[in-house]
Every structure is written in structure tokens, then in C-alpha cells.
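Below are the chains, spelled out letter by letter.
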Amino acid sequence: MDRTNSRDRELRARAEAVIPGGMYGHQAVGLLPDDYPQFFEKGEGAHIWDADGRRYLDFMCAYGPNLFGYANPQIDAAYVRQLGLGDTLTGPTALMVEMAEAMVAMVSHAQWAMFCKNGTDATSMALTIARAHTRKKTVIRAKGAYHGAAAWCTPRPAGVIETDRAHQIFCDYNDVGSLEEAVRQAGDDLACIFAAPFKHDAFIDQAEPDLAYARRVREICDQTGALLIVDDVRAGLRLARDCSWSKIGVQPDLSTWGKCIANGHPISALAGADKARKAASAIYVTGSFWYQAAPMAAGLETLRLVRDTDYLERITALGQRLRDGLAERAKAAGFSLRQTGPVTMPLFLFDDDPDLRKGFCFSSEMLARGVYVHPWHNMFLCAAMTEQDIDGALDAAEGAFGVLKRNVGDLAPVEKLAFLSAGAR
Ligand SMILES: *Cc1c(COP(=O)(O)O)cnc(C)c1O
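Reading the values: the criteria
Residues numbered from 1 in each chain as written. Predicted model: local features only at pLDDT ≥ 70, side-chain atom pairs only at ≥ 80, totals over all residues. Heavy atoms only, no water. Salt bridge = Lys/Arg side-chain N within 4 Å of Asp/Glu carboxyl O. Helix = DSSP H or I, 4+ residues; strand = E, 2+ residues; numbered from the N terminus. Buried < 20%, exposed > 50% of the residue type's maximum accessible area, 1.4 Å probe, protein only. Core = buried A, V, L, I, M, F, W, Y, C linked by side-chain atoms within 4.5 Å. Domains from an automatic or database assignment. Contact = heavy atoms within 4.5 Å. Polar contact = N/O pair within 3.5 Å; in protein donor to acceptor, adjacent residues only side chain to side chain. Nonpolar A, V, L, I, M, F, W, Y, C, P; charged D, E, K, R; others polar. Near = heavy atom within 4 Å. Areas by Shrake-Rupley, 256 points an atom, 1.4 Å probe, with all protein chains shown as cover.

S.K.: Looking at this structure, I do not really get the pattern of salt bridges. What am I missing?
M.R.: Two side chains with opposite charge may pair up if their charged atoms get near one another. Under the counting rule described, the total for this entry stands at 24 salt bridges. In this structure, the salt-bridge partner of E387 is R321, at a minimum N-O distance of 3.7 Å. Note that E387 is positioned in helix 11 (residues 387–407) and R321 in helix 9 (residues 311–332), a separation of 66 residues in sequence. Taking the relative accessible area as the measure of exposure, E387 reaches 44% and is therefore partly exposed. Using a relative accessible area of 32% as the deciding quantity, one classes R321 as partly exposed. One salt-bridge network, in which partners are shared between bridges, spans R218, D222, D253 and K275.

So this is what it looks like as C-alpha cells:
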């Protein structure tokens, strides 16, 4: 898509001057095809509009936060109502107690909840609580699993020193042998084991949790007294109306939540079992905005919709429709497309595409047809999507596969991602 003279280009040029690197984090410059917009102006339901007014069906859902549609009328009305009454006050409102009650009622392993702003706050707090609870230091977590952007867990090494990473041992997700080896290395110093609800690392196929692995993690925590932490920040509420591992019958001691729990309003949560309550009340954690009432009003309304609607069944059916339709169209065009992970959080990767040139071309062609997909990060479905939206995306895919087929011999390599994806593979 030609973006010369676009508002997006102009904003990028201005950003270059006043924002380090032009942009940072998960939408840093260069991580997506060049024709992807960097800036947006609005979102409504399942759609986003870029700074040039182009509309897309959005399969990123803000990287997770959009569960019930952008600008959801019920959720945003609750938010605005509370904003009129008071948001950041000297202390919390009654909504904080109600939100904790709602989390405890929803998350079967939990008897208490604490609130913060970002997923990283929740995972960092979980780590601190595990160390306070066990008086031990070592954390075991899976290689390549994302738990946030604090020094202890950021995926980029710049500015991180060894002591930030001390007392961490890495294992391979779903590999009981490597888990047991990590536990052996931890000796009698194991504070906690982190687990993603399923393997949702970037650049590689997603994988369901292996039941034997999940059970062994639970068993080791029971034997050693370490805490099991399920990081549900990304997958929470897209697999279950409970902690995602409730589906496989394995209950953690702590679970971390964020992204969609208030449908895009800033609040995250840590939910915990009684055994960790004392440690949770002993640590000092807070933030100037952690008592904000309006995101809690939005969160309560979001959790009400989780309880009272068939959103989960609907996004599952829509995700299946997308997966089946895409498989059919990829096959018809002669491509081997791997679609992995739960259907509500799909990831597409092409076979024989080590530097993602096919993925980039396919994604760009989808974008040109008004569908925003991601070439190497898992995507998300939201409850504002309809069957017509999915069918429209499938029509777009048919066109995109056609262009890819014609051009597959002369695609330029995607070099800028090599250092990132090489680490993941
Ligand atoms: C996004 C994410 C986090 C961090 O959440 P932020 O709100 O970005 O700090 C932690 N864990 C997982 C699994 C995530 O996907």
C-alpha cells in the first residue's frame, strides 16, 4: 500500500524526533511490514481506523485488551459514570471490594485479589509474594515465555545486569525432563514456578499445555512448598471463565490477569489462594493510579458480561470458522499454513518461511484488503466480531494467497527481524 504523503508518515517523521527510536515496545519501528500503520485514530466494535482514516477488521484486539469490542457501550458507560464521580482519589472506592469479590467468585483457585495497572505489575508482584512466602529466591520459568517488561523478565538484554536476572532457571515448556532438571538445580531454594496457560511465544508455533507437564509442576510445588503461578495476563477470559488451567484441572496458587479484564481500561490483577495471603499482605506494593475507580467500574461491567453472555462460545465458534476457512483457502492456493493455539488466539505461520517473507507478504495483502493480522505474534478474537466479518476476512485471505502465489519467487527477505526470530527458534 502506498503511504507516501500519508498522515501516518508525517507522524512517524515527527515521532522520530521526539520519541526514542520513533516508537518503542511491541510496536517498535520495523517489527511489522512497512505498509502497516503506526498510528490509529479510533476503534469501534471489531474495527480500528488508522491515522489516515482507513478501516480494518482488527485481529490484534490491542494485543488482547479488546474482548467485547472497542468503545463497548455498556462498559464505557460504566467507566464514564465513575469518571464523573471520581477516579484517582485519596483512597479506593467500594468498587475495589466489589472487583475483588468478583474476581474471587470467578477464579476458582483464588480467595483474594489485588489490583494494579499492568500485567508486568501483577507478574512482578507474584514473584515478590512467592519469595516472601517461601523465603526462598529461585524462580523457574520457561525459555521464550513472556511475563512482562521489568528488568527480571524483559526479553531484550539492553540495560539489564546479571543481578536483575539472578536466581532464575529456565526450562522448556511441556518438557518434564527439563523441568525436573531445573528443579534439581534449584536445590532447596525454589520460590516459584511460572507457567503460561499454553505456549504462546512469538515467532514459533503455539502449543497446548501438556497435561503431564502441568500436573508435574503442581506436584513439585506441593512437594517443595514453592508457589505455582499461572500467567493468564494474555489468555485469561479467552479460554475459560476461570483461570485457564482450570480447563485441565490444575489449580495454581497465584494467577496474574490483565489486558482484557476491563476491556482496555487500565487495570490488572493478581488472584491468590489463602496460603499466600499472609505474604501478599506483608509485601509493599502500590502505585499512584492503582486505586483508580473508573477502570474498576469498567472491570466490573466486563466481568458481568463474562458471566452473563455467551461471548466465549461465540468467539470460539468464530475462531473455528476462521481456522477452517483459512485452512481450506491456503490448501486451495497450494500453501502449507500452520495455524496453532486456541482458535480464540490464533497464530499463522507458513512452512518454509524462515525469514517470514511469506508471512509479511500475506499480512500486507490482508491489510490492503482491510484486515489487520500479525505475521508472527498470536492474534485475538473479540465478541464484537460477526460471522460476516470472518467471511470477509476469508475472502481477503483468498485474494492475499493469490497474490502470494504469484509473487512467492521474488519476495524480498525480511532482514530486520532475523535477530529476534532467531532467538525464538
Ligand atoms: C502482556 C503480557 C504481560 C505483561 O502485561 P503488560 O500489561 O504489558 O505489562 C505479562 N504476561 C503475559 C503472558 C503477557 O502477554
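S.K.: Sorry if this is basic, but what is going on with the nonpolar core here?
M.R.: F59, L237, W257, F362 and F401 are the most contacted members of the largest nonpolar core, which totals 106 residues. Composition of this core by domain shows at least three residues from each of domain 1 (7–63 + 310–424) and domain 2 (73–308). Formed by 23 residues, the second largest nonpolar core is a distinct cluster that contains C116, L270, A279 and A280.

S.K.: Honestly, the domain arrangement of the protein chain in this entry has me stumped. Any pointers?
M.R.: Segmenting the protein chain into domains produces domain 1 (7–63 + 310–424) and domain 2 (73–308). Domain 1 and domain 2 are separated by 27 Å when their C-alpha centres are compared. Of the residues lining the interface, 27 residues belong to domain 1; the matching set on domain 2 comes to 19 residues. Viewed at the interface, domain 2 and domain 1 are joined by two salt bridges. For D205, the salt bridge identified is with R338, shortest N-O distance 2.8 Å. Inspection of the domain 1/domain 2 interface yields nine residue pairs in polar contact (both at pLDDT 80 or more). Only helix 9, strand 11 (337–340), strand 12 (347–350) and helix 12 (418–424) provide two or more residues apiece to the side of domain 1 that touches domain 2. Across the side of domain 1 that touches domain 2, the residue classes break down as 18 nonpolar, six polar and three charged.

S.K.: Is there a simple way to think about the environment of L95 in this case?
M.R.: Take L95: it is sitting in helix 3 (residues 94–106). L95 sits 212 residues away from R307 along the chain, and the two C-alpha atoms are 18 Å apart. Among residues more than four places away in sequence, those in contact with L95 are Q82, A293, M296, A297 and L300.

S.K.: In this structure, what is going on with the site of the ligand? I would like to understand it.
M.R.: Taken together, N118, G119, T120, Y146, H147, G148, H200, D231, V233, R234 and K259 make up the full set of residues adjacent to the ligand. In the environment of the ligand, an oxygen atom lies 2.6 Å from a nitrogen or oxygen atom belonging to the side chain of T120. Contacts to the ligand include R234, whose side-chain N or O atom sits 2.8 Å from an oxygen atom. Burial of the ligand by the surrounding chains reaches 88%, relative to a free accessible area of 380 Å². Looking at the shell around the ligand residue by residue, the class counts come to two nonpolar, six polar and three charged.

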